[in-house]
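# Descriptive analysis of the structure
So the chains spell out like this:
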There are 2 protein chains.
Amino acid sequence: MRKGEETRTRILDVAEAAVLQKGFGGTSIEELIAETGITKSGFFYHFRDKNELAKALLNRYIENDERIYDEIFSRARDLVDDPLQSFLLGLKLLSELLSDLPNGHPGCLVAGICYYERLFDREIQEINRNAVLAWRRRFGRMIREIVAVYPLREPVDVDQLADMVSSVLEGGIVLSKTLKEPNTLAEQVLMLRTFVKMLFLPVAEMPRASSGSAFHGGAEPH
Amino acid sequence: MRKGEETRTRILDVAEAAVLQKGFGGTSIEELIAETGITKSGFFYHFRDKNELAKALLNRYIENDERIYDEIFSRARDLVDDPLQSFLLGLKLLSELLSDLPNGHPGCLVAGICYYERLFDREIQEINRNAVLAWRRRFGRMIREIVAVYPLREPVDVDQLADMVSSVLEGGIVLSKTLKEPNTLAEQVLMLRTFVKMLFLPVAEMPRASSGSAFHGGAEPH
DNA sequence: TGAAAACTGTACCGTCGGTACAGGAGGGGA
DNA sequence: TCCCCTCCTGTACCGACGGTACAGTTTTCA
C-alpha cells in the first residue's frame, strides 16, 4: 500500500512536468515509464489508461492549487483584519510567490486541459469546470466581504470581478510562458491589485504639481 | 497556383477548427485528410510535416487577429477623436464582437501553442512570442496616446497595462471555454474597460444616498 | 507463512506521423 | 504539338506509441 502510493506519486510528478511542457498529446507513456524507471505493465497497473492519468493529475493539481490559495489568503486574513486590506495583501503575497518561482510558472493544468478539450471524457471537463467555479466562489466570497464594508466606486458585478482574478492569472501565465518573461505574471497580479484598490478606495490626491516622475508611463517616446 | 492555394486553405480551415478543439497532439493528419477529401500524399505535398502545418496555421491566425484589431480600433478612432474615449469605445466594440460569436470564442492558437511548447521548433515559439509582443506594442501605443492627455490616477507601467489587455483576453478565453459560458469573455473585456476608465477619469460622485441598487455586488448572501 | 499488493516480461494489435517513390491529370507557354 | 510544371493519387513501408492480455515474480505486511 505504502510502496504503491509512492510509485503512483512519482509517476504523477514526472507526468505533471511533462504535460505542462508538451501537453497531453505530446507526452508519451513510454517516456514517462522511462523516466520513472518503471515498466509499461507497472504503469498500467496504476492507471487504466491515459485518461485516468489525466484525471488523477488534474485532481491533484487542483487540490494543490486550492491549498496554496488557502494558505496565502488565510495568512493575509491573520495579518490584517480589514477585508479589503487583507485581500490586497493576499494579492501582494500571491504576486511575490509567483515572482519567486525560479523558472517562471510552469503552466496551469486547467488551461492545458481546456485547450485539449475533446480528447477527454465529460468527467474531466466537469472537474475542470468545477475548479474554475470554485475560484469564482472563493474570490467572490472575499469580494462580498469587502463590498459589505466599502462602497463600490464603479458598478461592477462581484462574480465578474472574482472571475477577473482567474482571468488575469490564466492570461498572465500564457503571457509569461510565451514571452519567456517569468516576471510578467507577477506584474499582472499587481495590476489587478491596483484595479481592486481603485474600485474600493478613493484615489489619493497626487502630491506633485508637475507630471509625476514616479510614473513609468509618461509621455516619453518609447 | 490558384488550385493549390485553394486546397491549402481548405486544409488550414479544417486543421484550425480541429486544433482549437483538440490541440495539436490530438489532431491527426489522417483525420484532416479525411475531412478535406485529400490523400496523405496530397497533404505532404502542401506541408512538409506537422510542424510546418502548425507554422502556417499560426501565421494565418495571427494575421487574421491583427486585422480584426486593426478594424475595431481604427473604427473607434474614426468615431471619436479623444484617445481615451476612442480606446474605451474600441474595448466596447471588441466586447460586442466577442459576445456575438455564436458558440463562444473557439480558442486562441497562441495560447494553444504556448501549452504545447516543447513539441515545436524555436521558430514557432519565436513567432508566438512576437505575436504577444505585437499586442503589447499595439495597446501600449494607444495607452501612451492617452497618457499624453490624461493624468494616470495610479502609478502603473504602460507596457504592463497593455499586457493586461492580452492577459484578460487570453484568460477570459480559458474561462469561457472551461465554463462553457460564452459571455464570460465579453464580460471580462468590459471589466478591463472599467479599469482603464478608472485609471484615467475621475470617479463620478455617486448620485444615490443609500447603497446603490444598480450595483450587482451588494451585500446579498449569494 | 501466506495472501494480497506491486510489480516484471513478453507478445501482440491498430493507429499515427512520416518517408519514398512512381506516376498521372491538367493547364500554360514555346 | 510538345513539354514542363503544378498538383495531386497510389502503394508500400517504417518506427513510435497507446493499449491489451496474461502469466509469472517479488515485496510487503498482517
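Values in this document were obtained by computation on a predicted structure and should not be read as measured data.

### Here we look at the nonpolar core
Among soluble globular proteins, nonpolar side chains are generally buried collectively. Residues Phe87(A), Met164(A), Phe200(A), Phe87(B), Met164(B) and Phe200(B) are the most contacted members of the largest nonpolar core, which totals 152 residues. Not counting residues up to four positions away in its chain, the partners in contact with Met164(A) are Leu192(A), Phe195(A), Met164(B), Val168(B), Gln188(B), Met191(B) and Leu192(B).

### Points about helix 4 (residues 50-79) of chain A
A rise of 1.5 Å per residue sets the reference length of helix 4 of chain A, with its 30 residues, at 44 Å; its end C-alpha atoms lie 43 Å apart and thus fit the reference within 8%. The N-cap of helix 4 of chain A, judged by a side-chain oxygen 3.2 Å from the amide nitrogen of Asn51(A) a few residues on, is Asp49(A).

### Remarks on the environment of Lys50(B)
Residue and element names in this part refer to chain B. If you trace the backbone, Lys 50 turns up in helix 4 (residues 50-79). For Lys 50, a relative accessible area of 30% gives the class partly exposed. Each C-alpha atom of the pair Lys 50 and Phe 24 lies 8.7 Å from the other, and the pair is 26 residues apart in sequence. Contact partners of Lys 50, with chain neighbours within four places excluded, come to Phe 24, Gly 25, Thr 27 and Ile 29. At 2.8 Å, the side chain of Lys 50 forms a polar contact with the backbone oxygen of Thr 27.

### With respect to the state of the cysteines
Here the structure, examined in full by the defined rule, presents zero disulfides over all chains. For the unlinked cysteine Cys108(A), the closest cysteine sulfur is that of Cys114(A), found at 9.3 Å.

### What to know about the protein's contact with DNA strand C
Thr7(A), Thr39(A), Ser41(A), Ser28(B) and Ile29(B) are the nearest of the 19 residues found near DNA strand C. Of everything in DNA strand C that lies within 4 Å of the protein, sugar and phosphate atoms constitute 57%. Thr7(A) has a polar side-chain atom sitting 2.8 Å from a phosphate oxygen of DNA strand C. If you list the elements that add at least two residues to the surface near DNA strand C, you get helix 1 (2-22) and helix 3 (40-46) of chain A together with helix 2 (29-36) and helix 3 (40-46) of chain B. Class assignment of the residues belonging to the surface near DNA strand C gives a composition of five nonpolar, eight polar and six charged.

### Section: the interface of chain B and chain A
Listed as interface residues are 69 residues of chain B and, on the opposing side, 69 residues of chain A. Both sides of the chain B and chain A interface together cover about 6,600 Å² of buried area, and 65% of this is carbon and sulfur. In terms of surface lost to chain A, no three residues of chain B exceed Tyr115(B), Met191(B) and Met198(B), which account for 12% of the buried area on that side. Put simply, chain B and chain A have four salt bridges between them.

### A few points about the environment of Asn103(A)
All names here are of chain A. With respect to the helices and strands, the residue Asn 103 is situated in the loop between helix 5 (83-99) and helix 6 (109-114). Judged by its relative accessible area of 71%, Asn 103 falls in the exposed class. Sequence separation of Asn 103 and Lys 177 is 74 residues, and the distance between their C-alpha atoms is 9.7 Å.

### Details of the relation of the copies chain B and chain A
By a simple turn and slide, chain B fits onto chain A: the slide is 0.0 Å along the axis, the RMSD is 0.1 Å, and the turn is 180°. On the angle and the small slide along the axis, the relation comes out as a two-fold axis. Take the interface residues of chain B: 100% of them recur as interface residues in chain A, which is what a same-surface contact looks like.

### Some thoughts on the packing of aromatic side chains
The way to describe two aromatic rings as a pair is by their centre distance and the angle between their planes. Enumeration over the complete set of coordinates arrives at eleven aromatic pairs over all chains. The interplanar angle of 25° and the centroid separation of 5.9 Å between the aromatic rings of Phe73(A) and Phe87(A) together place this pair among those described as stacked. Here Phe73(A), found in helix 4, pairs with Phe87(A), found in helix 5; they are 14 residues apart in sequence, far enough to count as distant. Among the residues examined, Phe73(A) registers a relative accessible area of 5% and is labelled buried. With a centroid separation of 5.6 Å and an interplanar angle of 75°, the aromatic rings of Tyr69(B) and Phe139(B) are classed as edge-to-face. Of this pair, Tyr69(B) sits in helix 4 while Phe139(B) sits in helix 7 (residues 122-147), and the two are 70 residues apart along the sequence. The buried category is assigned to Tyr69(B), whose relative accessible area is 8%.

### Considerations on the UniProt feature "DNA-binding region" (unreviewed entry) in chain A
Within this structure's numbering, the places UniProt gives as "DNA-binding region" (unreviewed entry) are residues 28-47 of chain A. With 75% helix and 0% strand, residues 28-47 of chain A has its two end C-alpha atoms placed 14 Å apart.

### As for the packing of helix 4 of chain A against helix 5 of chain A
Residue and element names in this part refer to chain A. The interhelical angle for the contact between helix 4 and helix 5, taken along N-to-C directions, is 135°, at an axis separation of 8 Å. Considered as vectors, helix 4 and helix 5 are oriented oblique to each other. In terms of crossing hand, the pair formed by helix 4 and helix 5 is right-handed. Between helix 4 and helix 5, the residues in contact are Ile 68, Tyr 69, Ile 72, Phe 73, Arg 75, Ala 76, Arg 77 and Leu 79 and Pro 83, Ser 86, Phe 87, Leu 89, Gly 90, Leu 91, Leu 93, Leu 94 and Leu 97, respectively. Grouping the constituent residues of the contact of helix 4 with helix 5 by class yields 13 nonpolar, two polar and two charged.

### Looking at empty space enclosed by the protein
Summed over the entire model, instances satisfying the criterion amount to three cavities of 30 Å³ or more. One number sums up the size of the largest cavity: a volume of about 160 Å³. What lines the largest cavity is a set of 17 residues, and nearest its centre among them are Gly112(A), Tyr115(A), Gly112(B), Tyr115(B) and Tyr116(B). Put simply, the parts of the chain that give the lining of the largest cavity at least two residues each are helix 1 and helix 6 of chain A together with helix 1 (2-22) and helix 6 (109-114) of chain B. Considering only residue class, the lining of the largest cavity consists of 13 nonpolar, four polar and no charged.

### Some points on unusual backbone geometry
Phi at Lys180(A) is positive, roughly 55°, even though this residue is not glycine. Looking at the secondary structure, you find Lys180(A) in the loop between helix 8 (158-179) and helix 9 (183-200).

Rules behind the numbers
Residues numbered from 1 in each chain as written. Chains lettered and ligands numbered in written order. Predicted model: local features only at pLDDT ≥ 70, side-chain atom pairs only at ≥ 80, totals over all residues. Heavy atoms only, no water. Core = buried A, V, L, I, M, F, W, Y, C linked by side-chain atoms within 4.5 Å. Buried < 20%, exposed > 50% of the residue type's maximum accessible area, 1.4 Å probe, protein only. Contact = heavy atoms within 4.5 Å. Helix = DSSP H or I, 4+ residues; strand = E, 2+ residues; numbered from the N terminus. Expected span 1.5 Å × (residues − 1). Polar contact = N/O pair within 3.5 Å; in protein donor to acceptor, adjacent residues only side chain to side chain. Disulfide = S-S within 2.5 Å. Near = heavy atom within 4 Å. Nonpolar A, V, L, I, M, F, W, Y, C, P; charged D, E, K, R; others polar. Buried area = accessible area lost by both parts, 1.4 Å probe. Salt bridge = Lys/Arg side-chain N within 4 Å of Asp/Glu carboxyl O. Least-squares fit on C-alpha atoms with pLDDT ≥ 70 in both. Phe/Tyr/Trp six-rings, centres within 6.5 Å; stacked < 30°, edge-to-face > 60°. UniProt positions renumbered as here; feature names shortened; annotations may be inferred. Axes fitted to C-alpha atoms, helices over the stretch in contact; angles between N-to-C directions. Parallel < 35°, antiparallel > 145°, perpendicular 65-115°, else oblique. Left-handed = near helix turned anticlockwise from the far one by under 90°. 1 Å grid on protein atoms, 1.4 Å probe; cavity = no way out; pocket = protein on both sides within 12 Å on 5 of 7 lines; lining within 4 Å. Points joined across faces, edges and corners; volume = space filled by probe spheres on them.

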